[in-house]
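Tertiary structure, described
Listed below are the residues making up each chain.
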Amino acid sequence: MGGLSGDVGFLPTATYYGRIRGDFLNMFVSICGNRFGRSSVRPFGAPFKITDELIMELIEKFEVLREEVIDVGNLMLDNPEVLGRFEQTGIVDKKTAKTIGIVGPAGRASGIPYDIRKSFSKAKHIYERSIEMMTDDEGSVNSRAKVYFKETINSIDFCIGALQHSDFPTGTSNEEKLKLKPNCFIVTLEEAWRGELSHCIITDENGKIKRYKIKDPSFHNWTALELAVRNEGIYDFPLCNKSFNLSYCGFDL
């Protein structure tokens, strides 16, 4: 959102969201010691314990940041000059989006109601509490900005709910548990921050990994950018590019 506003020269939102992004990253430091949450997701649990005091502190920060995200987002999305650049720019219609298989917020902004958290039964019971399917039908930069904005608010609400109602046991590294079954073909899906992220694992007769393939959301969405910039002014390329938020070097993984 900050990058989009920067690409149209709307500095208030670009500056404020840059600071807010830093506040979110710093929350990771208090949880696991790293601003990017590295090593915080492990099999069977996390390698740290979130204390009751930290939970209360995180909830308070989330509530403050939620109001700031809304205020700053509305400042941008209600601005006529910003909307003049966002609306009718970089359009990928629903039919085209379905044909090329756009995923994530970009796909939902083109009217595709597909979200791993809502589209698969095993995920629904986890995310039912506060994740709402956000879609738009124009498929423009403005649509993608609105979906990002609404999903940010939803994600904050989900985090607050999880902190209020969930238990956070410390994970353990049990090698026996981590042994994989032999001669298996496993596919898993998760809704990553850019969309559908899939992992495929094939094990051999000894339970060792024979092949491991990851397909990230940008694998689908790069084609959407190519189509979105056709017949657009060269000055709209950075804006279209930022609206798809594509990965250049595999950080979706």
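Owing to the predicted nature of the structure, the values given are computational and were not obtained by experimental measurement.

A few words on the pairing of strand β1 (residues 185–192). Sheet topology note: the β1/strand β2 (residues 195–203) ladder contains eight bridges and is antiparallel. Bridge assignment links Phe-185 to a residue of β2, and that residue is Ile-202. Connecting β1 to the antiparallel partner β2 that follows it, the hairpin turn spans two residues.

This brings us to the side chain of Ser-5. For Ser-5, the position within the fold is in helix α1 (residues 2–7). A polar atom in the side chain of Ser-5 sits 2.8 Å from the backbone oxygen of Gly-2. Excluding anything up to four places from it in sequence, Ser-5 contacts Phe-10, Thr-13, Ala-14 and Met-76.

Turning to the sheet that holds β1, a few remarks are in order. If you walk across this open sheet you meet the three strands as β1-β2-β3, and the pairing is antiparallel. The sheet is open, and its two edges are formed by β1 and β3 (209–215), each paired on a single side. Averaged over all neighbouring strand pairs, the angle between strand axes comes to 15°, with direction disregarded.

The next thing to look at is a nonpolar patch on the surface. Together, Phe-120, Phe-185, Val-187 and Leu-189 line one region of the surface with nonpolar side chains, adding up to about 380 Å² of accessible area. Counting through the fold element by element, Val-187 comes out in strand β1.

Turning next to the packing of aromatic side chains. One pass over the structure, following the stated rule, counts two aromatic pairs. For the ring pair Phe-24 and Phe-62, a centre distance of 6.2 Å and an interplane angle of 45° mean the geometry is tilted. On the criterion of sequence distance, the pair formed by Phe-24 in helix α2 (residues 11–32) and Phe-62 in helix α3 (residues 52–77) is long-range, its members being 38 residues apart. Owing to a relative accessible area of 23%, Phe-24 belongs among the partly exposed residues under this scheme. Given a relative accessible area of 11%, Phe-62 falls into the buried group.

Here the structure, examined in full by the defined rule, presents 13 salt bridges. Among the salt bridges present, the one from Arg-66 reaches Asp-157, with a minimum N-O distance of 2.7 Å. On the criterion of sequence distance, the pair formed by Arg-66 in helix α3 and Asp-157 in helix α9 (residues 141–165) is long-range, its members being 91 residues apart. Residue Arg-66 is classed as partly exposed on the basis of its relative accessible area of 22%. Its relative accessible area of 25% is what places Asp-157 among the partly exposed residues. The salt bridge involving Asp-236 is made with Arg-85; its shortest N-O contact spans 2.9 Å. One end of the pair, Asp-236, is in the loop between α11 (218–228) and α12 (237–244); the other, Arg-85, is in helix α4 (residues 80–86), and 151 residues separate them in sequence. Judged by its relative accessible area of 7%, Asp-236 is buried. Residue class for Arg-85 comes out partly exposed when judged on its relative accessible area of 24%. Through salt bridges with shared partners, a single ionic network connects Arg-108, Asp-115, Arg-117, Glu-151 and Glu-191.

A few words now on unusual backbone geometry. The residue Gln-88 is not glycine, and still its phi comes out positive at about 60°. You can see Gln-88 is positioned in the loop between α4 and α5 (94–100). You can call Gln-88 exposed: its relative accessible area is 54%. Of note in this structure, Asn-231 is not a glycine but carries a positive phi near 65°. Among the secondary structure elements, Asn-231 is positioned in the loop between α11 and α12.

How each quantity is defined
- Residues numbered from 1 in each chain as written.
- Predicted model: local features only at pLDDT ≥ 70, side-chain atom pairs only at ≥ 80, totals over all residues.
- Heavy atoms only, no water.
- Pairing = 2+ DSSP bridges.
- Helix = DSSP H or I, 4+ residues; strand = E, 2+ residues; numbered from the N terminus.
- Polar contact = N/O pair within 3.5 Å; in protein donor to acceptor, adjacent residues only side chain to side chain.
- Contact = heavy atoms within 4.5 Å.
- Axes fitted to C-alpha atoms, helices over the stretch in contact; angles between N-to-C directions.
- Patch = residues over 30% accessible without salt bridge, like charges linked within 9 Å, V, L, I, M, F, W, Y side chains within 5 Å.
- Areas by Shrake-Rupley, 256 points an atom, 1.4 Å probe, with all protein chains shown as cover.
- Salt bridge = Lys/Arg side-chain N within 4 Å of Asp/Glu carboxyl O.
- Phe/Tyr/Trp six-rings, centres within 6.5 Å; stacked < 30°, edge-to-face > 60°.
- Buried < 20%, exposed > 50% of the residue type's maximum accessible area, 1.4 Å probe, protein only.

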